[in-house]
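Overview (structure and organization)
Listed here are the chains, written in short residue letters.
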Amino acid sequence: MKKTPAVIAGVFLLFTTYITIQSVQAACGTLSALYDPATYTSGTTLNDQSGCSSNGTLIAGTPVKTALPARFVLNQGSTGQYFYQSASVANPTTYSIAIWFRTTSASGTKLMGFVQNIGTTETSYDRHLFIGRDGKLFYGVYNGNAITVASTATVNDGKWHLAVATQSGSTGKLYLDTATAVTLTAIPQSYTGYWKVGGYVLTGWSDNTGALSTGDWVGDVGKTYIYNATQISAADVTALYEAGRSTYISPTASISLSSGTSAVYRSATNLQFTSGIDGKVTFF
């Protein structure tokens with residue numbers, strides 16, 4: 001039977017739609033969510049860049065976003081700012097979380113973790129990264145007791161750092177930048193919850209100086225990665241660090257101006273330079 005143009009067009013549409021769906025599905029791999037401040041424009045939705053369409057939600061207004069490098073400024077001049085993965089996750093026991101951050105605070109508050117309910121009245125909370133009052137980075141899970149490990153270096157130095165926590169069954173690992181992992185042995189508490197960046201409850205947990213309580217996490221955050229059902233390796237952590245080095249550790253800037261224009265630029269380390277209409281560049 002001779003196919004009419006309408007039939008051929010319909011078959012082509014179905015075929016191309018199938019290919020499109022397959023390509024979207026293929027794009028969602030072991031990385032289940034990636035939140036990048038550089039891609040944020042406005043509103044309360046933080047689009048997932050991993051290919052898994054697992055968008056995040058911003059709370060307490062939109063945090064300040066600045067460039068070089070693009071980052072969210074959380075709870076500096078404001079309070080109650082955080083964001084979370086909008087879709088809940090059922091009791092993750094194999095996972096990895098990674099986040100670029102910088103802070104000068106050592107107030108004993110969470111940077112990122114898993115919470116049963118969103119807000120400031122969290123009921124169950126563990127699988128989290130927090131900064132102790134001694135300036136160390138901690139990772140902890142709860143198995144009837146709060147089990148933690150800490151970095152040897154302090155992180156409240158106002159410099160960018162990469163924090164990574166991984167878990168597979170009873171084996172957890174904490175990485176700071178490219179340092180060798182510190183290992184934790186404990187199976188996390190069982191509950192369904194959400195991955196969240198920024199404060200709030202740490203009641204029942206301790207750092208090296210004593211018991212902790214509640215509060216906002218104050219500082220800047222950059223790219224945030226969530227891997228469900230995957231414990232990434234030390235080589236993966238190094239690759240994440242190297243991939244972010246040019247953005248967070250050694251940012252660069254360049255000038256391209258036409259005749260008769262001028263501009264002002266600011267780098268991540270607050271070094272500013274102006275380029276004038278005379279073609280000269282001034283640093284200050």
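Numbering of residues begins from 1 in every chain and follows the order in which that chain's sequence is written. Totals for whole chains, interfaces and linings use every residue, but because this is a predicted model, local features are given only for residues with pLDDT of at least 70 and side-chain atom pairs only at 80 or more, for both listing and counting. To get the side-chain values, all heavy atoms of the structure are used, and hydrogens and water are removed first.

Structural notes on unusual backbone geometry
- Within the chain, Arg 127 stands out as a residue other than glycine whose phi angle is a positive 55°.
- Helix and strand definitions follow DSSP, with helices as H or I runs of at least four residues and strands as E runs of at least two, each counted in order from the N terminus. If you trace the backbone, Arg 127 turns up in strand S10 (residues 125-131).
- Phi is positive for Asp 177, which is not a glycine, with a value near 55°.
- With respect to the secondary-structure elements, Asp 177 resides in the loop between strand S14 (171-176) and strand S15 (182-185).
- Using a relative accessible area of 15% as the deciding quantity, one classes Asp 177 as buried. Residue exposure (1.4 Å probe, protein chains only): buried if accessible area is under 20% of the type maximum, exposed if over 50%, otherwise partly exposed.

Here we look at the nonpolar core
- Residues belong to one nonpolar core when they are buried, are Ala, Val, Leu, Ile, Met, Phe, Trp, Tyr or Cys, and are joined through side-chain atoms within 4.5 Å. Formed by 35 residues in total, the largest nonpolar core has its most connected members in Phe 83, Ile 99, Phe 101, Leu 129, Leu 137, Tyr 139 and Val 221.
- Per-element accounting of this core gives the leading share, four residues, to strand S8 (residues 94-102).
- Apart from the residues lying within four places of it in its own chain, the contact partners of Val 221 are Pro 37, Arg 71, Phe 72, Leu 74, Phe 83, Ile 99, Trp 100, Phe 101, Leu 111, Trp 160 and Val 197.
- Listed in part, the 15 residues of the second largest apolar core include Leu 31, Val 164, Tyr 241 and Tyr 248. Two residues qualify as a contact provided that any one of their heavy atoms is within 4.5 Å of a heavy atom in the partner residue.

So, the state of the cysteines
- The disulfide definition used here is simple: a pair of cysteine sulfur atoms within 2.5 Å. With the rule as written, the count across this model stands at one disulfide.
- Between the sulfur atoms of Cys 28 and its disulfide mate Cys 52 the distance is 2.0 Å. One quick way to see it: the torsion about the S-S bond of Cys 28 and Cys 52 is about 95°, and its sign makes the bridge right-handed. You can see Cys 28 sitting in the loop between helix H1 (5-27) and strand S1 (33-35) and its partner Cys 52 sitting in the loop between strand S2 (45-46) and strand S3 (56-59), a full 24 residues away along the chain.

Considering the packing of aromatic side chains
- Here a Phe, Tyr or Trp ring, Trp counted by its six-membered ring, pairs with any other such ring whose centre lies within 6.5 Å, and the pair is stacked when the planes are under 30 degrees apart, edge-to-face when over 60, and tilted otherwise. This structure, assessed with the given rule, holds 13 aromatic pairs.
- One aromatic cluster is present, formed by Tyr 35, Tyr 40, Phe 72 and Phe 83 through successive ring pairs.
- Directly above the aromatic system of Tyr 191 lies the positively charged group of Arg 127, at a separation of 5.1 Å from the ring centroid.
- Consider the ring centre and the ring normal. A charge sits over the ring if Lys NZ or Arg CZ is within 6 Å of that centre and within 35 degrees of that normal. Looking at Lys 196, its charged tip hangs above the ring of Tyr 82, at a distance of 4.2 Å from the centre.

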